[in-house]
Amino acid sequence: MIYGNFDLRKKDHDGKPAQNTPPRWGGVDNPPVAITNAETAGAASGNSAALAVPEHVRKLQEDLIGLGFSVLGKPTGEFDTRTEWAVREFQIYASMAQVACVRAEKKGQLLLDQAGSPVRINNLDVYYDGSAGVVAKAGKAPVVSGSTVGPVSYYVDSLQSIANSAKYVGPVSGVVNEKTRVAIEHWLDNDYRCPVVFEAWKITAGNRTELAQNGCNIWAHDSFTEGGPRVVFRDFSSYFAFPDGRAQTEYHAVGYYQTGTYGGPNAGKTHSWSSQTEMTVEKITGAPANPAQLNSPALSTYRTIRVVAEAECFGRFDVLNAWDNALISGGPCHWTMGLYSTTPNINAYGKGELPGFMAYLNNREPEIFKKVFGNFGLYPTKAWNSPGLYNEDLMTYAAWVKLANDSYAVSQATHSDSEFTELGDSKDEAHYLKTWHWFYRLSMAARTIPGYRAAMWSMAKLRLREILTDPISFSIGGVVVNSTIGTIYTSEKAVAILLRWHVWRPSHIVGVPQYNQLRHVLQNTINTSGGVNWQLPIASWGAAHESALTTKLFNALVALNNTITGAIVYGSGQVQGAVRTGRHTFIMEN
């Protein structure tokens, strides 16, 4: 019986005997205490008067740290937010078919030294790293005993992949329910460890050289804050199927720490699995660009969206961002998980478009949704086509996210609202989704699941198709003309600029009049473009009209956000070419 057989949960604590503060376990204040010699205050504090008082929460925290789930930090006896994260992460990885296990010849060499002082083992120093809450020998292993190419940490070198002989089958809830306690005991008895390990390594000439200080087994977005080293992972699970040419037995880059007001994981071209994730013509359309069919709807739509993807993520599905106020974002339009508001009396995360994509994915590809999100206990608060998901004013799909709770019935196909709890919108709560493990999951989904990438591209097309239908009006000679955005702007270049602008600030393109800037740009184009006959019917507008419309539109966006400048020429050196400038060159793919 571990942890007194209590279903430990958030807000539980071990009390403070010296202040006559009773414990709270299983959500119950001052529950009956079973006398034990294993989990006592005296074990940690040396206070003999407290020897009979169990410390169930502290023991849980120590066990989780020992099993590799160091996101919680130091053991405190308080079941706080990050302890809940650690329990959730344990439940996630304990559900997998393969886990990490300490190799037989390495057992007993990774010791927890609560005092924080070095311990000599086999003539090597072992340190307790209080900031990360892990135990790791300093630096890299002198000899690589496994098959990993290049240097390896002592911690990773001590592990091997093994079949999980007792998979956890309960909910990913953050509550230490009976099935979780059984799983923890099994892991402790069998020397299992978290099967995905993140480390920060210094890089020289593109190669790992030295393990960065405090760079072993990093978890939270702020557990390692050096910008220079590269963050890599070693995956001992079999959850994601690695493509040919990417050995699971090796380290792989996932990104780096980006400084900033919020700070956190980030990725660039050098961290991408470009051979799998670059948004090339062949990957998107299924065939290389045909020089004889460059005006096809597929290529026209590709060229247009690809400009936006180049500006947002270098045109790669696995280039993510978790360092700014968007919590985490990704995809061709870099949908945000949620936007942080610093407005007084708010100071919280609000709805984002990535949960909107999650709803779309769950509706379109439920098995892929389960693989990428559902198995980890994460869901959007709104289902696809449900009221409130679509914002008609902004023409965006946005929601927040919710987590499975302990009432979640794993075996059921459908679930009630009561089986979920919304993720807290404060930084302390929401930053769970900025951890390196979540960054890795979304990155690996993009790298290894073609259907996930296809759904992202399809969602981008949906966005483009919808904004072109939005009504727009202007006046010529005192006469008001009513039309639609897609009727006025018809070149690939103009449509690409519109899409880029809408991704950056939707209200500027389709919002209500006081925020809508496109209407002002259009009217200014008509008023100031001499030599162009705007009184012609729109159906008769030609190259001069489109040139004026596109030039004014481009200049207006560059004045606000110049990322379009380099992106707009993407493809100019490739078979498909860059976006076309002529009137009616944009053709929407179904």
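Scroll up for the structure.
Here is what the cut-offs are and how they apply
- Residues numbered from 1 in each chain as written.
- Predicted model: local features only at pLDDT ≥ 70, side-chain atom pairs only at ≥ 80, totals over all residues.
- Heavy atoms only, no water.
- Helix = DSSP H or I, 4+ residues; strand = E, 2+ residues; numbered from the N terminus.
- Rg over C-alpha atoms; globule rule 2.2 N^0.38 Å.
- Contact = heavy atoms within 4.5 Å.
- Areas by Shrake-Rupley, 256 points an atom, 1.4 Å probe, with all protein chains shown as cover.
- Lys, Arg positive; Asp, Glu negative; His and termini not counted.
- Charge placed at Lys NZ, Arg CZ, Asp CG, Glu CD.
- Expected span 1.5 Å × (residues − 1).
- Buried < 20%, exposed > 50% of the residue type's maximum accessible area, 1.4 Å probe, protein only.
- 1 Å grid on protein atoms, 1.4 Å probe; cavity = no way out; pocket = protein on both sides within 12 Å on 5 of 7 lines; lining within 4 Å.
- Points joined across faces, edges and corners; volume = space filled by probe spheres on them.
- Nonpolar A, V, L, I, M, F, W, Y, C, P; charged D, E, K, R; others polar.
- Pairing = 2+ DSSP bridges.
- Axes fitted to C-alpha atoms, helices over the stretch in contact; angles between N-to-C directions.
- Parallel < 35°, antiparallel > 145°, perpendicular 65-115°, else oblique.
- Left-handed = near helix turned anticlockwise from the far one by under 90°.
- Salt bridge = Lys/Arg side-chain N within 4 Å of Asp/Glu carboxyl O.

Asker: Would you mind going over the overall build of the protein chain with me for this structure?
Answerer: Check the secondary structure of the protein chain and you find 19 helices and 24 strands. In terms of C-alpha radius of gyration, the protein chain reaches 27 Å, essentially the compact-globule figure of 25 Å for 590 residues. For the protein chain, the spread of C-alpha atoms along the three principal axes comes to 95 × 50 × 40 Å. Nonlocal contacts in the protein chain, meaning residues at least 24 apart in sequence, comprise 63% of its contacts between residues at least 6 apart. Counting every atom, the protein chain has about 24100 Å² of accessible surface; 50% of that belongs to carbon and sulfur. Where the 51 positive side-chain charges of the protein chain centre and where its 51 negative ones centre are 6 Å apart.

Asker: Would you explain helix α15 (residues 492-504) in this entry?
Answerer: Residue pairs spaced three or four apart in an α-helix point in one direction, given the helix's 3.6 residues per turn. Between its terminal C-alpha atoms α15 stretches 18 Å, which fits the 18 Å expected from 13 residues at 1.5 Å a residue. Of all 13 residues that make up α15, eleven are buried, and the element is covered over most of its length. Turning to α15, its buried residues are Glu492, Ala494, Val495, Ala496, Ile497, Leu498, Leu499, Arg500, Trp501, His502 and Val503.

Asker: What is the right way to look at the layout of surface pockets in this model?
Answerer: Over the atoms a probe the size of a water molecule is rolled, and this reveals where empty space is left. Taken as a whole, the largest pocket holds about 1000 Å³ of empty space. What lines the largest pocket is a set of 42 residues, and nearest its centre among them are Lys370, Gly374, Tyr379, Tyr408 and His415. When residues of the lining of the largest pocket are traced back to their parent elements, those giving at least two are α9 (353-364), α10 (366-372), β18 (378-380) and β21 (401-404). At five residues, the largest contribution of residues to the lining of the largest pocket is made by α10. Residues of the lining of the largest pocket, tallied by class, amount to 21 nonpolar, 14 polar and seven charged. One number sums up the size of the second largest pocket: a volume of about 860 Å³. Around the second largest pocket sit 30 residues that line it, and Thr336, Leu339, Val503, Trp504 and Arg505 are the ones nearest its centre. Those elements that place two or more of their residues in the lining of the second largest pocket are α8 (297-313), β15 (335-336), β19 (390-391), α15 and α16 (506-510). The element best represented in the lining of the second largest pocket is α15, accounting for three residues.

Asker: I tried to follow the pairing of β21 on my own but got confused; where do I start?
Answerer: Consecutive side chains of a regular strand alternate in pointing toward one face of the sheet and then the other. In this sheet, β21 lies alongside β18 in antiparallel orientation, the contact comprising three bridges. Residue pairing in the sheet places Leu378 in a bridge with Leu403 of β21. Judged from the three bridges that link them, β21 and strand β22 (residues 420-422) form a sheet pairing that is antiparallel. Looking at β22, one finds that Ala404 is bridged to Phe420.

Asker: What should I look at first to understand the sheet that holds β22 in this one?
Answerer: Pairing between sheet strands relies on hydrogen bonds along the backbone, with the strands arranged either parallel or antiparallel. With antiparallel pairing, three strands are arranged side by side in an open sheet as β18-β21-β22. Strands at the two margins of the open sheet, each flanked by one partner only, are β18 and β22. Neighbouring strand axes in the sheet, compared pairwise and without regard to direction, differ in orientation by 40 degrees on average.

Asker: What's the story with the packing of α9 against helix α13 (residues 450-467) in this structure? I'm lost.
Answerer: The geometry of α9 relative to α13 is characterised by a closest axis approach of 10 Å and an angle of 115 degrees between their N-to-C directions. When the interaxial angle is binned, α9 and α13 end up roughly perpendicular. As α9 packs across α13, the resulting crossing turns out to be right-handed. Along its contact with α9, which presents Glu353, Gly356, Phe357, Tyr360, Leu361 and Arg364, the element α13 presents Tyr452, Ala454, Ala455, Met456, Ser458, Met459, Leu462 and Arg463. A class-by-class count of the residues in the contact of α9 with α13 yields nine nonpolar, two polar and three charged.

Asker: I'm lost on the pattern of salt bridges in this one. Help?
Answerer: Pairs can form between side chains of opposite charge whenever their charged atoms are close. All chains considered together, the criterion is met by 19 salt bridges. We note a salt bridge from Lys10 to Glu429, for which the minimum N-O separation is 2.2 Å. In this pair, Lys10 is assigned in the segment before β1 (24-25) and Glu429 in helix α11 (residues 427-430), connecting sequence segments 419 residues apart. With a closest N to O distance of 3.9 Å, Arg24 and Asp12 form a salt bridge. Here Arg24, found in strand β1, pairs with Asp12, found in the segment before β1; they are twelve residues apart in sequence, far enough to count as distant.

Asker: What is the right way to look at unusual backbone geometry in this model?
Answerer: Note: most peptide bonds trans; most residues except glycine with negative phi. Located in the positive-phi region is His334, a residue other than glycine, with phi close to 40 degrees. Mapped onto the elements of the fold, His334 is located in the loop between β14 (329-330) and β15. Since its relative accessible area comes to 9%, His334 is described here as buried. The backbone phi angle of Asn345 is positive, close to 75 degrees, even though this residue is not glycine. One can find Asn345 in the loop between β16 (340-341) and β17 (348-349).

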